[in-house]
Amino acid sequence: MGVYSVPAEVSVILLDIEGTTTPIAFVKDILFPYIKDRVKEYLRAHWEEEECQQDVSLLRKQALADSNLEGAVPIPLETGTREEELERVIQAVVDNVYWQMSLDRKTTALKQLQGHMWRAAYATGQVTGEVFEDVVPAVRKWRAAGLKVYIYSSGSVEAQKLLFGHSTEGDILELIDGHFDTQIGHKVESESYRRIATSIGCSPSNILFLTDVAREAVAAEEADVHVAVVVRPGNAGLTDDEKSYYSLITSFSELFLPSS
Ligand SMILES: CSCCC(=O)C(=O)COP(=O)(O)O
Ligand SMILES: [Mg+2]
């Protein structure tokens, strides 16, 4: 489709995952059903563990913040030790997770729990993280040219590391200089990109962000970050205005560095 010449001031490439490094179908058809099929059983098995309790507490806080939204599912506190009481709270957590997932919400609370649940999926080889075939060769080339490569996804940092640590291309974590998730802020908020630049120790204009989502592109540009929109099979369509405004690439091989 296109050719994108990376501006000379860019020293960092910041990558989105779903729809950019990785097919949306992998997330929607493999990762998300894994959660839906097992969340109840997972909560029952791990309920007493500190990490699980922290996940539930974060979901409960999110549920309170969501209480004005249509269809929102509250998560009550446990008021006793009876088994039925525990089941009632677990069912509320399950319903809340299902509700959030039905809207593809990107809350930190949901993403933390999902990341913890996917550990077993990757460790047992039940799931392997899919990466488009142009990703690894391009990232190697960028790094050889002295660029740094970071990830910024709504998926938790732990979920990101699982995906790239157990990928179709093997363990490729060594190709990534660092990871950001919604703990730094949401991807549709420009302040998040300024925080990322500060955290990396560069200026926003030293960053090129590759994403499939126009709202994320808008936020990044507002922060003075360079943007190219990635068009992959299965991605949501772009409007005609978005298509003509943004630099579009269909493969990372369409990105050209100043000296290449
Ligand atoms: C890397 S974890 C699985 C993907 C996920 O849960 C997600 O929300 C991906 O969002 P992205 O910001 O990478 O589009
Ligand atoms: Mg994406």
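Definitions and limits used
- Per chain, residues are indexed from 1 in the order of the written sequence.
- Chains carry letters from A onward and ligands carry numbers from 1 onward, assigned in written order.
- Per-residue local features are limited, in this predicted model, to residues with pLDDT of at least 70; the limit for side-chain atom pairs, both in listing and counting, is 80 or more; totals at the level of whole chains, interfaces and linings are taken over all residues.
- Values shown for side chains rest on all heavy atoms present in the structure; no hydrogens or waters enter the calculation.
- UniProt positions are given in the numbering used here, feature names are shortened, and annotations may be inferred rather than shown by experiment.
- Note on exposure labels: buried denotes an accessible area under 20% of the residue type's maximum, exposed denotes more than 50%, and partly exposed covers the range between, all computed with a 1.4 Å probe on protein chains only.
- The helix count covers DSSP runs of H or I at least four residues long, the strand count covers runs of E at least two residues long, and both are numbered beginning at the N terminus.
- For this analysis, residues touch if any pair of their heavy atoms sits within 4.5 Å.
- The rule for pairing is simple: two strands pair if DSSP sees at least two bridges between them.
- Here a crossover is taken to be right-handed if, once the strands point away from the viewer, the path from the first strand over the helix to the second is traced clockwise.
- Listed donors are limited to N, O and S atoms within 2.8 Å of the metal, widened to 3.2 Å for Na, K and Ca; water is not among them, so incomplete-looking sites are possible.
- Side-chain atoms within 4.5 Å are what join buried Ala, Val, Leu, Ile, Met, Phe, Trp, Tyr and Cys residues into a set we call a nonpolar core.
- Each domain span listed reflects an automatic or database assignment of domains.
- Stacked, edge-to-face and tilted are the three classes for Phe, Tyr and Trp ring pairs, Trp counted by its six-membered ring, which pair at centre distances within 6.5 Å; planes under 30 degrees apart are stacked, over 60 edge-to-face, the rest tilted.
- Counted as over-ring charges are cases with an Arg CZ or a Lys NZ within 6 Å of the ring centre that also lie within 35 degrees of the ring normal.

By the naming in an unreviewed UniProt entry, the protein chain is Enolase-phosphatase E1, taken from Sphenodon punctatus. The record held by UniProt for the protein chain lists under Sequence similarities (unreviewed entry) the comment "Belongs to the HAD-like hydrolase superfamily. MasA/MtnC family." According to UniProt, the comment filed for the protein chain under the heading Catalytic activity (unreviewed entry) is "5-methylsulfanyl-2,3-dioxopentyl phosphate + H2O = 1,2-dihydroxy-5-(methylsulfanyl)pent-1-en-3-one + phosphate".

Chemist: Whenever I open this one, helix 6 (residues 157-165) confuses me. Can you help?
Modeler: Of the residues making up helix 6, those classed as buried are Ala159, Gln160, Leu162, Leu163, Phe164 and Gly165. Next to the buried residues of helix 6 lie helix 1 (24-46), helix 4 (108-123), strand 3 (148-152) and strand 4 (178-180).

Chemist: Would you mind going over helix 8 (residues 214-222) with me for this structure?
Modeler: Since there are 3.6 residues in each turn of an α-helix, residues three or four apart along the chain are aligned in direction. For helix 8, every residue scored as buried is listed here: Ala214, Glu216, Ala217, Ala219 and Ala220. Buried residues in helix 8 make contact with helix 7 (190-200), strand 5 (207-211), strand 6 (226-230) and helix 9 (240-245). Among the residues trailing helix 8, Asp224 stands out with phi positive, at a value near 80°.

Chemist: Explain the pairing of strand 6 here, please?
Modeler: In regular strands, side chains alternate between the two faces of the sheet. Counted residue by residue, strand 6 has five buried out of five residues, so it is predominantly covered. Residues of strand 6 alternate between two faces, with His226, Ala228 and Val230 on one and Val227 and Val229 on the opposite face, all of them buried. Judged from the four bridges that link them, strand 5 and strand 6 form a sheet pairing that is parallel. The residue bridging Leu208 from the neighbouring strand is His226, located in strand 6. Considered for its hand, the β-α-β crossover made up of strand 6, helix 9 and strand 7 (residues 248-249) is right-handed.

Chemist: Please clarify how the UniProt feature "binding site: Mg(2+)" (unreviewed entry) in the protein chain should be interpreted in this entry.
Modeler: The UniProt entry lists Asp16, Glu18 and Asp212 under the feature "binding site: Mg(2+)" (unreviewed entry), expressed in the numbering used here. Considering the C-alpha atoms alone, the annotated residues occupy 197 residues of sequence yet fold into one spot, their largest mutual distance being 7.9 Å. Tracing the backbone through its elements, the reader meets Asp16 in the loop between strand 2 (12-15) and helix 1. Not counting chain neighbours up to four residues away, the residues in contact with Asp16 comprise Thr21, Tyr152, Lys187, Phe209, Leu210, Thr211, Asp212 and Glu216.

Chemist: Could you clarify how one ought to interpret the coordination of the magnesium ion (ligand 2) in this entry?
Modeler: A four-donor tetrahedral metal ideally has 109.5 degree angles, and a six-donor octahedral metal ideally has angles of 90 or 180 degrees. Listed as protein donors to the magnesium ion (ligand 2) are Asp16 (OD), Asp16 (OD), Glu18 (O) and Asp212 (OD); their distances from the metal cover 2.2 to 2.7 Å. Linear spacing of the donor residues for the magnesium ion (ligand 2) on their chain is D-x1-E-x193-D. Placement of the pair is Asp16 in the loop between strand 2 and helix 1 and Asp212 in the loop between strand 5 and helix 8, with a sequence separation of 196 residues. This pair shows no difference in class: Asp16 is buried, exactly as Asp212 is.

Chemist: Sorry if this is basic, but what is going on with the nonpolar core here?
Modeler: As a rule of thumb, nonpolar side chains are buried together in soluble globular proteins. The biggest cluster of nonpolar side chains holds 60 residues, and the ones touching the most others in it are Trp142 and Leu210. Here the element with the most residues in this core is helix 1; it accounts for nine residues. When residues of this core are sorted by domain, at least three fall in each of domain 1 (4-22 + 129-256) and domain 2 (28-123). Once residues within four sequence positions are removed from consideration, Trp142 is found in contact with Ile13, Leu15, Leu147, Val149, Leu210, Phe252, Leu255 and Leu257. Core analysis: the second largest hydrophobic core is formed by 23 residues, Leu14, Tyr150, Phe180 and Ala214 among them.

Chemist: Would you explain the packing of aromatic side chains in this entry?
Modeler: Two aromatic rings are characterised by how far apart their centres lie and by the angle between their planes. Taken as a whole and judged by the stated rule, the model has seven aromatic pairs. Ring centres 5.3 Å apart and planes at 35° place the aromatic pair Trp142 and Phe252 in the tilted group. One end of the pair, Trp142, is in helix 5 (residues 135-144); the other, Phe252, is in the loop between strand 7 and strand 8 (255-256), with 110 residues separating them in the sequence. Summarising the burial analysis for this pair, Trp142 and Phe252 share the class buried. Aromatic rings pair up to connect Tyr152, Tyr193 and Phe209 into one cluster. Between Lys187 and the ring centre of Tyr152, over which it is positioned, the NZ or CZ distance is 5.7 Å.

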